[in-house]
Amino acid sequence: MLDVTRLRVLVAVARHGSVTAAAHALNYAQPSVSHHLARLEAETGTKLVQRAGRGIRLTDAGRLLADRAAEVIGRLDAAENELAVYSGLRTGRLRLAAFPSALGTLVPSAAAMLHDRHPTVDLRLTEAEPPEAVRMLRAGYVDVALIFRHEPEGDGSGESAAAADQGDIREQVLLSEPVHVIMPMTPPARGEPLLPLAVTEVLPADLARFSAQRWIAGCDRCREHLLRQCAAAGFTPKIAFTTDDFVAVQALVAAGLGVALLPGLALRAARHPGVRTVRLRGTRRSVVAIRYGEPPDPPATVLLLEVLRAAVGPALSPAVDAAATSATSAGAAASAASARA
């Protein structure tokens, strides 16, 4: 059986890039790190590290074992924490990974509820996009991860809060939110509005009206969603900017530098007064809480899921739609006043 301490040393070398840095991170003497690596190679019968100039680097086998070891060690650390919570040895610790718009909406409300109900629970937050959040969950660095996925509207998959299983990942859909087309509030110079001011929603095929516009893309998953939606409308978008900062996306749109797609939570987290939103029918984004391993969940994890579900109500309030309606009405009134003049 592989020695866990030696696996920790291998993971530290892989993470920090050298024996010296790994020794410093582990508070070991440098010869001790080298000794553990040599013993691990003897245990596995495989060359795990090789000389590279004055330092070392992991072989392909070393990288493979380091990746698996990170998952094993993360699960051991998580198990130790969960057991301590059950046995009352220390205050519960919870670790949550979430994407930016969830951190700006759902998570603060949930964290406040958790603190009010159980002030001794220590909640740690980490920002991570879905692929990284899943890796952190599998490796045991977080207890719960919030991820998102884009889905066709009306297929029912995003509208049920029932739990679902996908292999070693258990999930619970927290909410299903609309996606909006984001465009400048002010029409381009010497031009007409990109859509009539009375329009508050469009169908997927209507995206063809924006085929001549420059587009602002987001993270990899959001970019893929944008490309799919535009392909369904019969064109390839001209992507001029790419950023996963939804505040920057809106600022670029307000400046007349392009158009974009954003989900409801991003608009609720931060709304730029210079943009107009029009709901895109036919697609939605589901926000999902995921956990690793078999049930039952530890008590602290159950508490976190409860407050996340409770925070969904405020996150789904009609603030975004109301703002859009107000802006559209104001624009229509201004247009009518101009026509009368």
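The coordinates are above.
Residues numbered from 1 in each chain as written. Predicted model: local features only at pLDDT ≥ 70, side-chain atom pairs only at ≥ 80, totals over all residues. Heavy atoms only, no water.

### Description of empty space enclosed by the protein
Moving on, step 1. A full pass over the atoms with the stated rule returns four cavities of 30 Å³ or more.
Moving on, step 2. Here the largest cavity is characterised by a volume of approximately 300 Å³.
Moving on, step 3. In this structure, the largest cavity is lined by 25 residues; those nearest its centre are Gly 218, Cys 222, Leu 261, Leu 262 and Pro 263.
Moving on, step 4. Every element with two or more residues in the lining of the largest cavity is listed here: helix 5 (100-103), strand 5 (144-152), strand 9 (214-217), helix 8 (220-232), helix 9 (246-254) and strand 11 (260-263). (1 Å grid on protein atoms, 1.4 Å probe; cavity = no way out; pocket = protein on both sides within 12 Å on 5 of 7 lines; lining within 4 Å. Points joined across faces, edges and corners; volume = space filled by probe spheres on them. Helix = DSSP H or I, 4+ residues; strand = E, 2+ residues; numbered from the N terminus.)

### Observations concerning helix 7 (residues 130-139)
Moving on, step 1. For helix 7, the full list of buried residues reads Pro 130, Ala 133, Met 136, Leu 137 and Ala 139.
Moving on, step 2. Downstream of helix 7 by a residue or two, Gly 140 has a phi angle that is positive, lying close to 85°. (Buried < 20%, exposed > 50% of the residue type's maximum accessible area, 1.4 Å probe, protein only.)

### A word on unusual backbone geometry
Moving on, step 1. Of note, the bond from Pro 295 into Pro 296 is cis; its omega dihedral lies within 30 degrees of zero at 5°.
Moving on, step 2. The residue Pro 296 is located in the loop between strand 12 (275-292) and helix 11 (299-315) in this model.

### Side note on the packing of aromatic side chains
Moving on, step 1. Summed over all chains, the structure comprises three aromatic pairs.
Moving on, step 2. Both rings, one in Phe 99 and one in Phe 148, keep their centres 5.0 Å apart while their planes meet at 80°; by these two values the pair is edge-to-face. Taken together, the residues Phe 99 in the loop between strand 3 (93-98) and helix 5 and Phe 148 in strand 5 connect sequence positions 49 residues apart. Across the pair, exposure class does not vary: Phe 99 and Phe 148 are buried alike.
Moving on, step 3. Between Trp 215 and Phe 235 the ring centres are 6.5 Å apart and the planes differ by 35°, which places this aromatic pair in the tilted class. Taken as a pair, Trp 215 in strand 9 and Phe 235 in the loop between helix 8 and strand 10 (238-242) lie far apart in primary sequence, 20 residues in all.
Moving on, step 4. According to the relative accessible area criterion, Trp 215 is buried, its value standing at 0%.
Moving on, step 5. For Phe 235, a relative accessible area of 11% gives the class buried.
Moving on, step 6. Just above the ring of Phe 148 sits the side chain of Arg 285; from NZ or CZ to the centre is 4.7 Å. (Phe/Tyr/Trp six-rings, centres within 6.5 Å; stacked < 30°, edge-to-face > 60°. Lys NZ or Arg CZ within 6 Å of the ring centre and 35° of its normal.)

### Regarding a nonpolar patch on the surface
Moving on, step 1. Side chains of Val 4, Val 72 and Leu 76 sit close together on the surface and give an oily, nonpolar patch of about 210 Å² of accessible area.
Moving on, step 2. Following the sequence through the fold, Val 72 ends up in helix 4 (residues 60-87).
Moving on, step 3. Val 72 gets classed as partly exposed once you look at its relative accessible area, which sits at 42%. (Patch = residues over 30% accessible without salt bridge, like charges linked within 9 Å, V, L, I, M, F, W, Y side chains within 5 Å. Areas by Shrake-Rupley, 256 points an atom, 1.4 Å probe, with all protein chains shown as cover. Salt bridge = Lys/Arg side-chain N within 4 Å of Asp/Glu carboxyl O.)

### Concerning the pattern of salt bridges
Moving on, step 1. Under the definition given, this model contains 16 salt bridges.
Moving on, step 2. A salt bridge links Arg 135 to Glu 132; the nearest nitrogen and oxygen atoms lie 2.9 Å apart. Residue Arg 135 and its partner Glu 132 are both found in helix 7; the two are separated by three residues, about one turn of the helix.
Moving on, step 3. The exposure class of Glu 132 is partly exposed, given its relative accessible area of 35%.
Moving on, step 4. With a shortest N-O distance of 2.6 Å, Glu 151 and Arg 149 are connected by a salt bridge.
Moving on, step 5. Since its relative accessible area comes to 10%, Glu 151 is described here as buried.
Moving on, step 6. When its relative accessible area of 24% is taken as the criterion, Arg 149 is described as partly exposed.
Moving on, step 7. A network of salt bridges, in which partner residues are shared, links Glu 153, Glu 201, Arg 279, Arg 281 and Arg 284.

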